[in-house]
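Notes for the structure review
For reference, the chains in residue letters:
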Amino acid sequence: MFKKILIANRGEIAVRIIRSCKELGIKTVAIYSIADNESMHVKMADESICIGGIKSSESYLNIPAILTAAELTGAEAIHPGYGFLSENFKFARVLEEHNITFIGPKSEHIKIMGDKVSARTVISKTGIPLVPGSKGPVKNIKELKKVSKEIGLPIIIKAAAGGGGKGMKVVEDESELENAYNLTKSEAEVNFGNDEIYVEKFLRNPKHIEFQIFADNYQNVIHLGERDCSIQRRHQKLIEEAPAYEIDQEEKEKLLNVIIKAMKDIKYRGAGTIEMLYENKKFYFIEMNTRIQVEHPVTEMITGIDIVSEQIKASAGNRLTIQQKDIKFRGHAIECR
């Protein structure tokens with residue numbers, strides 16, 4: 001087990017990680033910007049170190065500064081929390097190169113799933129059903145029109161590197177295609193530094209259901225049930241519930257078996273969330289998040305499992321001590337953002 005972990009984050013998730021570390025007997029290092037020197041996570045950690053200015057680019061996104069902080073304090077591992085660098089495969093790779101453990105998946109998995117086009121390609125080979133759409137990136141208007149005819153309008157154009165509800169445009173009429181294409185590419189370039197886009201069929205009234213999975217380094221994989229995050233504003237989740245209601249339980253169990261096999265096949269490690277759309281009793285994959293979710297507490301509430309602790313143990317090389325048959329779902333939990 002690790003003796004000291006640096007937390008490359010701030011606020012609620014940093015406090016959450018510190019609490020799990022304390023229960024495991026692990027020392028913690030908090031990083032902070034000059035604006036956060038009085039923050040709770042700074043006061044709770046065993047050590048703290050200022051790494052830069054007010055802007056995130058000067059502090060919480062500053063990879064050289066974070067790496068230096070880890071080396072100065074002797075931290076053996078870094079937990080990225082969510083947001084900031086949690087899904088930055090370059091950050092995970094740099095830590096691997098410096099023999100510092102990234103508490104999360106391998107950098108290759110972060111890279112694959114961080115690009116929505118490559119994620120669709122990999123997932124399409126596993127048996128997990130996809131939303132009908134383009135087989136790869138859409139490179140021009142001609143391709144866009146071809147795909148839209150094949151799958152039928154309405155469609156949704158998405159940034160391959162997108163996230164946080166940005167880089168998405170719904171098209172209801174063929175006359176809107178060119179403008180939506182140009183706007184999405186522009187927004188993708190501005191927000192993500194990558195203007196690659198792809199297309200999916202737009203489902204008019206689906207539920208948004210996500211499945212929490214967990215894996216160790218030895219291809220032991222379990223699921224911790226599902227969450228319903230259908231209540232959203234501008235594609236940003238507002239209400240999270242566990243378990244989900246009014247979904248076909250037989251279809252859910254079939255899908256979970258496929259998901260677990262898929263995670264074993266790709267040798268995934270750590271916590272992950274498979275995000276699906278659910279309509280007319282069918283599930284469709286849209287993306288995978290390779291980090292702990294903001295809404296992980298609702299799953300913890302109904303399972304009694306500390307997901308952060310399990311992340312740390314798995315990254316330290318421990319085998320999962322929890323089997324699927326050990327997981328009991330009790331009650332109902334709701335998170336409001």
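This write-up is about the structure you can find in this document. Note that the structure is a prediction, hence the values are computed from the model and not measured.

The number of helices and strands found in the protein chain is 11 helices and 16 strands. Here the C-alpha radius of gyration of the protein chain, 20 Å, is about what a compact globule of 337 residues would show, namely 20 Å. With respect to the three principal axes, the spread of C-alpha positions in the protein chain is 60 × 45 × 35 Å. Counting all 337 residues of the protein chain, 52% fall into the buried class. For the protein chain, the accessible surface area stands at approximately 15,500 Å², while carbon and sulfur atoms represent 49% of it. Averaging the locations of the 48 positively and 47 negatively charged side chains of the protein chain gives two centres separated by 2 Å.

Let us look at the pattern of salt bridges. Going through the model one piece at a time under the given rule, you end up with 25 salt bridges. With its nearest N and O atoms 2.7 Å apart, the salt bridge here joins Lys-237 to Glu-210. One end of the pair, Lys-237, is in strand E12 (residues 236–237); the other, Glu-210, is in strand E9 (residues 207–215), and 27 residues separate them in sequence. Of the residues examined, Lys-237 reaches a relative accessible area of 13% and is grouped as buried. A salt bridge links Lys-254 to Glu-251; the shortest N-O distance between them is 3.8 Å.

It is worth spelling out the sheet that holds strand E5 (residues 101–102) at this point. Spatially, five strands are ordered E3-E2-E1-E4-E5 in an open sheet, and the strand pairing comes out parallel. Because the sheet does not close on itself, it has two edges, and the strands there are strand E3 (47–52) and E5. The strands touched by helix H1 (residues 11–24) within the sheet are strand E1 (4–7), strand E2 (27–33) and strand E4 (77–79), with E1 carrying the most contacts at an inclination of about 170°. Across the face of the sheet, helix H11 (residues 307–315) comes into contact with E1, E4 and E5 while running at roughly 150° to E4.

Another point: helix H7 (residues 141–151). Along H7, the positions that sit buried rather than exposed are Ile-141, Leu-144, Val-147, Ser-148 and Ile-151. All buried residues of H7 lie within an arc of 125° about the axis, which places them on one face of the element. Seen from the buried face of H7, the exposed residues on the opposite side, beyond 90 degrees, are Lys-142, Lys-146, Lys-149 and Glu-150. For H7, the elements touching its buried residues are strand E6 (155–163), helix H8 (177–192) and strand E8 (197–201). N-capping of H7 is provided by Asn-140, with a side-chain oxygen placed 3.2 Å from the backbone N of Lys-142.

What follows deals with the pairing of E1. A regular strand places its side chains on the two faces of the sheet in alternate fashion. Here E1 shows no split at all, with Lys-4 and Leu-6 on one side and Ile-5 and Ile-7 on the other all buried. The pairing of E1 with E2 spans four bridges and is parallel. Residue pairing for E2: Lys-4 is matched across the bridge by Lys-27. In this fold, the crossover linking E1 to E2 by way of H1 has right-handed handedness. Pairing between E1 and E4: three bridges, direction parallel.

So, how was this worked out
Residues numbered from 1 in each chain as written. Predicted model: local features only at pLDDT ≥ 70, side-chain atom pairs only at ≥ 80, totals over all residues. Heavy atoms only, no water. Helix = DSSP H or I, 4+ residues; strand = E, 2+ residues; numbered from the N terminus. Rg over C-alpha atoms; globule rule 2.2 N^0.38 Å. Buried < 20%, exposed > 50% of the residue type's maximum accessible area, 1.4 Å probe, protein only. Areas by Shrake-Rupley, 256 points an atom, 1.4 Å probe, with all protein chains shown as cover. Lys, Arg positive; Asp, Glu negative; His and termini not counted. Charge placed at Lys NZ, Arg CZ, Asp CG, Glu CD. Salt bridge = Lys/Arg side-chain N within 4 Å of Asp/Glu carboxyl O. Pairing = 2+ DSSP bridges. Contact = heavy atoms within 4.5 Å. Axes fitted to C-alpha atoms, helices over the stretch in contact; angles between N-to-C directions. Arc of directions from axis to C-beta. Polar contact = N/O pair within 3.5 Å; in protein donor to acceptor, adjacent residues only side chain to side chain. Right-handed = clockwise from strand over helix to strand, strands pointing away.

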